[in-house]
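Per-entry structural report
Next come the chains, spelled out residue by residue.
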Amino acid sequence: MDIVLGLQWGDEGKGKFIDLISENYDIAARFNGGSNAGHSIERNGKRITLKMIPSGIFMQDVQNVIGTGTVLDPVSFKNEILNLKKFDETLKPEKNLTISKKAHFVLPTYKLMDVFMEENPAYTTIGTTKNGIAQAYSNKILRQNVRIGDMYSPDFQERVAHILGRDYQVLSEGGMELPSLESIREEFFDAVEFLKQFNCTETELFLNKALSEGKTILAEGSQAALLDIDHGTYPYVTSSSTTASGACSGLGISPKKIGEIYGIAKAYCTRVGNGIFPTELFDELGEEIRTKGNEFGSNTGRPRRTGWLDLPALRYAVMINGVTQLVLTKADVLSGLKSVAVCTHYELEDGAIETNAGTLPENAKPVFKWLDGWEADFSVMKDSSALPKELKEFLVFLEEELGIPVGYLSTGPGREQILKMK
C-alpha cells in the first residue's frame, strides 16, 4: 500500500496528484475525514471538487473505497454523486465505489452543533468548516453515534430520531434558531435510501484480501499533517488522524504493508481558518500569491492565508510520516519573483534555535534564507531539463534540508502539468 498525504495545512494539491497516479493502482482508498475535505481536479478543461469520493473515481478499472476511519454525511454524499454524474455522464460510481460499514454517519444536527459552538462565546472558535465533522468524531468516541452498517437495522430510524431530538433540545435551550426537525430528518433518511445503492461492506477484509492477491492500493488522506488531531497545531486542527499511521488505522491495514509515502507540499505555505502561521505574509506580495495561486478554499471558498515556505514545519511533517518522496506544487506561482524566501529555523525569546517544529510557541520568530527567484513558461514544459537553473537549485536545497528526493514537480493546475523528477 502506498500513501498520499499533505504535509502542510491542507490545499497542497493532493487531488490532482492522486488523480494522476491512481490509474497505476487497483484500489484508491480514502482513510480519514468527511465532507470537510475538498480535492479539486481538472479534467477536459472542467474543474470539480471531490469531498468524500476518492480521486480514483475517474478510472473505470480502479475500485474506490471510503474507509472505516471516515465520517459520512449522506446528504452531502448524495449531492456529490449527482454532481459527479453531471460532470461526467460516463461515470458509474455505484459500480466502483465501496463504503465501510464501520464508517460513522454525520447526522444533520451535527452541522447545527458546529455553528452553535462557533458562535457561542463559551467555546473556543477555531474556524471550522461547520460540516459537523468534529461532532461526528466526538460522538463516535463517546459511543453515542450510528455507523453505516446500522442503516440496515430495523431500529435505525428510531435511534437516529432519538439523537436528533436530543440535539434539538440542547440547541433550542441554547437559544439557537432552528430549521424544521421534520424537514432535516426527512432529507437525511431520503439520502440514506440513496446510499443503499452502493456496496457497503467490511472494507478492512476487502482491502487485506486484495493485498494478499497481489493487488495494489493507494491510500488517500484528506486535510494534512499539520492539521492532525494529535500532531498538528492544536486546537486549530481537524478531528481525525491525517498521518501515515492514520492510513493504517483508518483502513485496517498493517504498517508492515506500507510502501511509498508521497508527501505533498507547496513551494510556499497557505492556511485556512485560525491558528499559528509563523511565515504568514500580510503585505501586497501575500495578496499577489493568493490571487495568482487561486488560494481560496476548494470546499468553503474562504481566502487562504499565504506565507513563505516553513522548513521546520515541513521537516516535522516528513519525520512523523516517514515520507519517501516529496511532491512539490505551486512553484509556477512564484515564477517572476526576483527572490524567494524559505524559513530555515525559528528564534525563540530566550535565544534558543528551533529547526524542527513540534510544539511551536506563538512568539517564535522565523529566520529566512533568501534564494534566487526563477522565471519560466511552465505551461510548455515537458521534462525537468527545461526547468530554470534557479528552480533546480531551489529543489536541490529542499532535498538536502529534508533528506528526501523531490519525486514530482507540479507546473500548473492542469492534470498533465506535472513532471516526474526521478
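- As named in an unreviewed UniProt entry, the protein is Adenylosuccinate synthetase, taken from Chryseobacterium bernardetii.
- The record in UniProt for the protein states the following under Function (unreviewed entry): "Plays an important role in the de novo pathway of purine nucleotide biosynthesis. Catalyzes the first committed step in the biosynthesis of AMP from IMP."
- A UniProt comment under Subcellular location (unreviewed entry) is attached to the protein, and it reads "Cytoplasm".

**Topic: the domain arrangement of the protein**
- Under the domain assignment used here, the protein contains domain 1 (2-103 + 200-261), domain 2 (104-196) and domain 3 (265-420).
- Computed from C-alpha coordinates alone, the two centres of domain 1 and domain 2 are separated by 23 Å.
- Contacts between the two partners involve 28 residues from domain 1 and, on the opposite side, 24 residues from domain 2.
- Summing the contributions of domain 1 and of domain 2, the shared interface buries around 2200 Å²; its carbon and sulfur component is 68%.
- Note that Asp-73 and Lys-111 form a salt bridge whose closest N and O atoms lie 3.2 Å from each other.
- The interface formed by domain 1 and domain 2 holds nine residue pairs in polar contact (both at pLDDT 80 or more) in total.
- Those elements giving two or more residues to the side of domain 1 that touches domain 2 turn out to be strand E6 (71-72), helix H2 (74-87) and strand E7 (97-100).
- Top element by residues in the side of domain 1 that touches domain 2 is H2. It accounts for six residues.
- Its residues placed into classes, the side of domain 1 that touches domain 2 shows 13 nonpolar, 11 polar and four charged.

**Things to note about the UniProt feature "binding site: substrate" (unreviewed entry) in the protein**
- In the UniProt entry, the feature "binding site: substrate" (unreviewed entry) is given for Ser-298, Asn-299, Thr-300, Gly-301, Arg-302, Pro-303 and Arg-304.
- Tracing the backbone through its elements, the reader meets Gly-301 in the loop between helix H10 (284-292) and strand E13 (305-310).
- A relative accessible area of 44% places Gly-301 in the partly exposed class.
- By secondary structure assignment, the location of Arg-302 is in the loop between H10 and E13.
- Leaving out residues up to four positions away in the same chain, Arg-302 has contacts with Gly-127, Thr-128, Thr-129, Val-272, Gly-273, Glu-295, Phe-296 and Gly-297.

**Digging into the packing of aromatic side chains**
- Within this structure, the stated rule accounts for 14 aromatic pairs.
- Judged by centre distance (6.4 Å) and plane angle (65°), the rings of Phe-116 and Tyr-123 are edge-to-face.
- Phe-116 sits in the buried class, given a relative accessible area of 13%.
- Tyr-123 gets classed as partly exposed once you look at its relative accessible area, which sits at 38%.
- Among the aromatic residues, those joined into a cluster by ring pairs are Phe-105, Phe-156, Phe-188 and Phe-189.
- Seen from the ring of Phe-87, Lys-46 lies directly overhead, with NZ or CZ sitting 4.8 Å from the centre.

What counts, and where the lines are drawn
- Residues numbered from 1 in each chain as written.
- Predicted model: local features only at pLDDT ≥ 70, side-chain atom pairs only at ≥ 80, totals over all residues.
- Heavy atoms only, no water.
- UniProt positions renumbered as here; feature names shortened; annotations may be inferred.
- Domains from an automatic or database assignment.
- Contact = heavy atoms within 4.5 Å.
- Buried area = accessible area lost by both parts, 1.4 Å probe.
- Salt bridge = Lys/Arg side-chain N within 4 Å of Asp/Glu carboxyl O.
- Polar contact = N/O pair within 3.5 Å; in protein donor to acceptor, adjacent residues only side chain to side chain.
- Helix = DSSP H or I, 4+ residues; strand = E, 2+ residues; numbered from the N terminus.
- Nonpolar A, V, L, I, M, F, W, Y, C, P; charged D, E, K, R; others polar.
- Buried < 20%, exposed > 50% of the residue type's maximum accessible area, 1.4 Å probe, protein only.
- Phe/Tyr/Trp six-rings, centres within 6.5 Å; stacked < 30°, edge-to-face > 60°.
- Lys NZ or Arg CZ within 6 Å of the ring centre and 35° of its normal.

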